[in-house]
Amino acid sequence: MPAPHNPFKSAIANGDLQLGCWLGLADPYIAEISAGAGFDWLLIDSEHAPNDLRSIVAQLQVIAARNSHAVVRPPIGETWIIKQLLDAGAQSLLIPMVESGEQAQELVDAITYPPHGVRGVGSALARASDFAAIGDYLTTAREQICLLAQVENQKGIDALDDILAVDGVNGVFVGPSDLAADMGFIGKPGQSEVQDAVLDAVDRIVAAGKAAGILTLDKELQAECFKRGARFIATDIDVTLFARGIRASCAASRAHLTNK
Ligand SMILES: O=C(O)C(=O)C[C@H](O)[C@@H](O)CO
């Protein structure tokens, strides 16, 4: 029996839109609710959210039971973290701060078993192999792993062609927030210079035949990126949805009861 099919990897390779939501509340309840909301993919963030391996596993488990696909972002693209996430059952990884072709190749090596890569062999213990129930996991897993590189500073933009040239990088995600900061516009991802850089990167990623992705709440930027061929587009953040919603609801209730 082979490793589970990765529908997200297939979809972005086919140029099908994959609509995503960022999960930063780091809770399986939120992951379960979000997985039933209709998103094609959910980003479990352990770079900017208080996720650890156990909380990531709990979210992987609930998402697996729904018709959505989990993409996991580690805090950094180090081999040992990637090994743990893959064994935990993550099949799609979004690696932050990729700045060179060499770094991208190291990431490909980290998701690949020897002799062509350096991923440690632990499938006998791993959720990824259904705890060794998937007999052909070791020889079929690599094909179902989706590696997404994040380009989100000037170094990454300058090295984008080298990153795109690395076989095994399935897609490149452009990070507007960090790119804005590195361009000198911290907190202003909507700055025209940043938007131009983002859209130019999307054009280059698409032209290279790789999947382009982004997270933005800006509806116009979402539409422009989709128009230019971006296909894994995260349009919502659970933290933002909840925080804005609960604050607005509280204010409305207080106004309603006190006529203010
Ligand atoms: O740089 C970006 O934009 C991203 O990588 C997404 C952010 O990390 C996310 O936390 C939203 O601001």
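Analysis parameters
Residues numbered from 1 in each chain as written. Predicted model: local features only at pLDDT ≥ 70, side-chain atom pairs only at ≥ 80, totals over all residues. Heavy atoms only, no water. Helix = DSSP H or I, 4+ residues; strand = E, 2+ residues; numbered from the N terminus. Near = heavy atom within 4 Å. Polar contact = N/O pair within 3.5 Å; in protein donor to acceptor, adjacent residues only side chain to side chain. Areas by Shrake-Rupley, 256 points an atom, 1.4 Å probe, with all protein chains shown as cover. Nonpolar A, V, L, I, M, F, W, Y, C, P; charged D, E, K, R; others polar. Salt bridge = Lys/Arg side-chain N within 4 Å of Asp/Glu carboxyl O. Buried < 20%, exposed > 50% of the residue type's maximum accessible area, 1.4 Å probe, protein only. Axes fitted to C-alpha atoms, helices over the stretch in contact; angles between N-to-C directions. Parallel < 35°, antiparallel > 145°, perpendicular 65-115°, else oblique. Left-handed = near helix turned anticlockwise from the far one by under 90°. Contact = heavy atoms within 4.5 Å.

Would you explain unusual backbone geometry in this entry?
Backbone phi values are negative for most residues with the exception of glycine, while trans is the configuration of most peptide bonds. Note that the residue after P114, namely P115, is joined by a cis bond; omega there is 10 degrees. Residue position: P115 is located in the loop between α5 (101-110) and α6 (137-140). Positive phi, normally seen in glycine, also occurs at D130, with a value near 55 degrees. If you trace the backbone, D130 turns up in the loop between α5 and α6.

What should I look at first to understand the site of the ligand in this one?
Around the ligand, the neighbouring residues are W22, H48, R73, Q150, E152, F173, G175, P176, S177, D178 and L215. Interatomic distance of 3.4 Å between a backbone N/O atom of G175 and an oxygen atom of the ligand. Interatomic distance of 2.8 Å between a backbone N/O atom of S177 and an oxygen atom of the ligand. With the chains in place, 83% of the 330 Å² that the ligand exposes on its own is no longer accessible. Among the residues forming the shell around the ligand, the class breakdown is four nonpolar, four polar and three charged.

What exactly am I supposed to notice about the pattern of salt bridges here?
Side chains that differ in charge, positive against negative, can pair when their charged atoms come close. Under the defined criterion, the tally for this structure stands at nine salt bridges. Among the ionic pairs, E32 bridges to R66, the shortest N-O distance being 4.0 Å. With E32 in helix α2 (residues 28-35) and R66 in the loop between α3 (53-64) and β3 (69-73), this residue pair connects regions lying 34 residues apart in the sequence. Under the relative-accessibility criterion, E32 is labelled partly exposed at 31%. Among the residues examined, R66 registers a relative accessible area of 40% and is labelled partly exposed. The partner of R204 in a salt bridge is D200, and the shortest N-O contact between them spans 3.8 Å. Within this pair, R204 and its partner D200 are both found in helix α10 (residues 192-207), separated by four residues, close to a single helical turn. A relative accessible area of 39% means that D200 is categorised as partly exposed. Linked by salt bridges that have partners in common, D45, E47 and R73 make up one network.

How do you make sense of the packing of α10 against helix α11 (residues 219-227) when you look at a structure like this?
The packing of two helices is summarised by the inter-axis angle and the distance between the axes. Axis separation between α10 and α11 bottoms out at 10 Å; the angle between their running directions is 25 degrees. In terms of their interaxial angle, α10 and α11 are classed as roughly parallel. In the crossing of α10 with α11, the sense of the turn from one axis to the other is right-handed. Contact with α10, carried on its side by Q195, L199 and V202, involves L221, E224 and C225 of α11 and no other residues of that element. Taken together, the residues of the contact of α10 with α11 sort by class into four nonpolar, one polar and one charged.

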